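Read off the chains here:
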Amino acid sequence: MSPLTGPTDCRPFDATRSILQMAQRSWRVRRPKPFVLVIEGEALEGETQARPSDYLHDTLLSPDCREAFYQLVDATGLVVCLNLHTQHPSYRDVRGRSSKGRLSQGEYYHHDGCTGPVKPRLVEIRCPIQPQTRAVATAVAPHRDVVAAMVRALPVALAANPALAEQDLSHEALQRMDAAALDKLQGLITRVVRKKLSAEGARAYFRQVDLAANAYFEPWALGESRLIANANPGVTMQHRRAYQNEHTGGVANGHLVKRWPHEELLLPGQVPDAAVMAALCSDEFA
């Protein structure tokens, strides 16, 4: 029997569906946005709340189900796993920190691995169970929607910058662009924003982009993992570290960890890819 059972078959779910059949089990799910599927945990008979467990590794990423689960992320965009208790050794600390006067690279919308030779298929970001909660959001939205929102939120004075003045920023032009063209335009806009706006001005601009792109930036829950389609044939997403208020610094904040499951979480007999390992060394995250 296929690891993915039931009528969904890796296609987007109906917004009213509350139970997902996968890996021959039933899961409590909800869809807060068209590109987001939230898994609250296994739906067990007689229980009104999900039981905390390491269901991600024990079931969804088990060898016989892993590819079907990756395809679910490919097709959805963002799959959120709640009530997840795990201390799996494959996670690594998030790199990159922000300051009051300077934006981290991770505060701009990006794909993971964008500076290296390999873009991972998906990225998993996790908020471990820890004494301190996580106050800073992680905004996630589809790549094309992000670039279109960056254009719409761009102040008139910045749109007239020589680096952008000759670009066709019409809706029709954006719809015709492939991923590479969107990346190029996004890079141009980001460089202009970095040069012309103050740190808090740039943060305010990206807060407008979050709203215009209908980004998902729900507060982090302890024990939550977010699996983001990063570079694949399906829905390609981008993400960023998103301060929803002025960044004043000096505020206690829970930390995040991350990994690239498809490339790093190896099955028996697989060996690490040298290009992936090189990309990990230079990778920075929001």
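Residues numbered from 1 in each chain as written. Predicted model: local features only at pLDDT ≥ 70, side-chain atom pairs only at ≥ 80, totals over all residues. Heavy atoms only, no water.

> So, the packing of helix 3 (residues 143-153) against helix 8 (residues 199-212): which residues are in play, and what are the values?
Look at helix 3 against helix 8: their axes get within 8 Å of each other, and the N-to-C directions meet at 125 degrees. Taken together, the axes of helix 3 and helix 8 are oblique relative to one another. When you trace helix 3 past helix 8, the crossing you get is right-handed. Between helix 3 and helix 8, the contacting residues are Val146, Ala149, Met150, Arg152 and Ala153 on the first element and Tyr205, Phe206, Gln208, Val209 and Ala212 on the second. Looking at the contact of helix 3 with helix 8, its residues break down into 8 nonpolar, 1 polar and 1 charged. (Axes fitted to C-alpha atoms, helices over the stretch in contact; angles between N-to-C directions. Helix = DSSP H or I, 4+ residues; strand = E, 2+ residues; numbered from the N terminus. Parallel < 35°, antiparallel > 145°, perpendicular 65-115°, else oblique. Left-handed = near helix turned anticlockwise from the far one by under 90°. Contact = heavy atoms within 4.5 Å. Nonpolar A, V, L, I, M, F, W, Y, C, P; charged D, E, K, R; others polar.)

> If you had to explain the packing of helix 3 against helix 7 (residues 179-196) to someone new, which residues and values would you point to?
Remark: helix 3 packs on helix 7, axes separated minimally by 10 Å, with the N-to-C direction vectors making an angle of 35 degrees. When the axes of helix 3 and helix 7 are compared, the crossing they make is left-handed. Here His143, Arg144, Val146, Val147, Met150 and Val151 of helix 3 lie close against helix 7, whose contacting residues are Ala179, Leu182, Asp183, Leu185, Gln186, Ile189 and Thr190.

> Which residues make up the nonpolar core, and what are the values?
The biggest cluster of nonpolar side chains holds 46 residues, and the ones touching the most others in it are Met22, Ile39, Leu56, Phe69 and Cys81. Counting residues per element, this core draws most heavily on helix 2 (residues 66-76), at 5 residues. With residues up to four places along the chain from it excluded, the contact list for cysteine 81 reads Ile39, Tyr55, Leu56, Phe69, Gly223, Glu224, Ser225 and Leu227. Of all hydrophobic cores here, the second largest spans 32 residues; its members include Tyr109, Ala148, Leu164 and Met177. (Core = buried A, V, L, I, M, F, W, Y, C linked by side-chain atoms within 4.5 Å. Buried < 20%, exposed > 50% of the residue type's maximum accessible area, 1.4 Å probe, protein only.)

> Got a sec to walk through the packing of aromatic side chains? Specific residues and values, please.
Aromatic rings in a pair are described by how distant their centres are and how their planes are angled relative to each other. The full count for this structure, using the stated rule, is 4 aromatic pairs. With a centroid separation of 5.3 Å and an interplanar angle of 45 degrees, the aromatic rings of tryptophan 27 and tyrosine 55 are classed as tilted. Taken together, the residues tryptophan 27 in strand 2 (residues 25-33) and tyrosine 55 in helix 1 (residues 55-60) connect sequence positions 28 residues apart. Residue tryptophan 27 is classed as buried on the basis of its relative accessible area of 0%. Within the aromatic cluster, the residues linked to one another by ring pairs are Tyr108, Tyr109, Tyr205 and Phe206. We note arginine 92 situated over the ring of tryptophan 260; from NZ or CZ to the ring centre the distance is 5.3 Å. Residue placement shows arginine 259 over the ring face of tyrosine 91; its charged tip is 4.1 Å from the ring centre. (Phe/Tyr/Trp six-rings, centres within 6.5 Å; stacked < 30°, edge-to-face > 60°. Lys NZ or Arg CZ within 6 Å of the ring centre and 35° of its normal.)

> Requested: an account of the confidence of the model for the chain, with residues and values cited.
In the predicted model, the chain carries a mean pLDDT of 87, and the fraction of residues at 70 or more is 88%. Confidence drops under a pLDDT of 50 for residues 1-16, and excluding neighbours within four residues, the segment shows 31 contacts in the predicted structure. (pLDDT = per-residue confidence, 0-100.)

> I'd like a rundown of the pairing of strand 6 (residues 122-127), residues and numbers included.
Where burial is concerned, most of strand 6 is hidden: 6 out of the 6 residues are buried. Residues Leu122, Glu124 and Arg126 point to one face of strand 6 and Val123, Ile125 and Cys127 to the other, with burial holding for every one of them. Judged from the 6 bridges that link them, strand 6 and strand 8 (residues 224-229) form a sheet pairing that is antiparallel. Residue isoleucine 125 lies in a different strand from strand 8, and its bridge partner there is arginine 226. Here 3 bridges tie strand 6 to strand 10 (residues 257-259), and the two strands are oriented antiparallel to one another. What sits directly across from glutamate 124, in strand 10, is arginine 259. (Pairing = 2+ DSSP bridges.)

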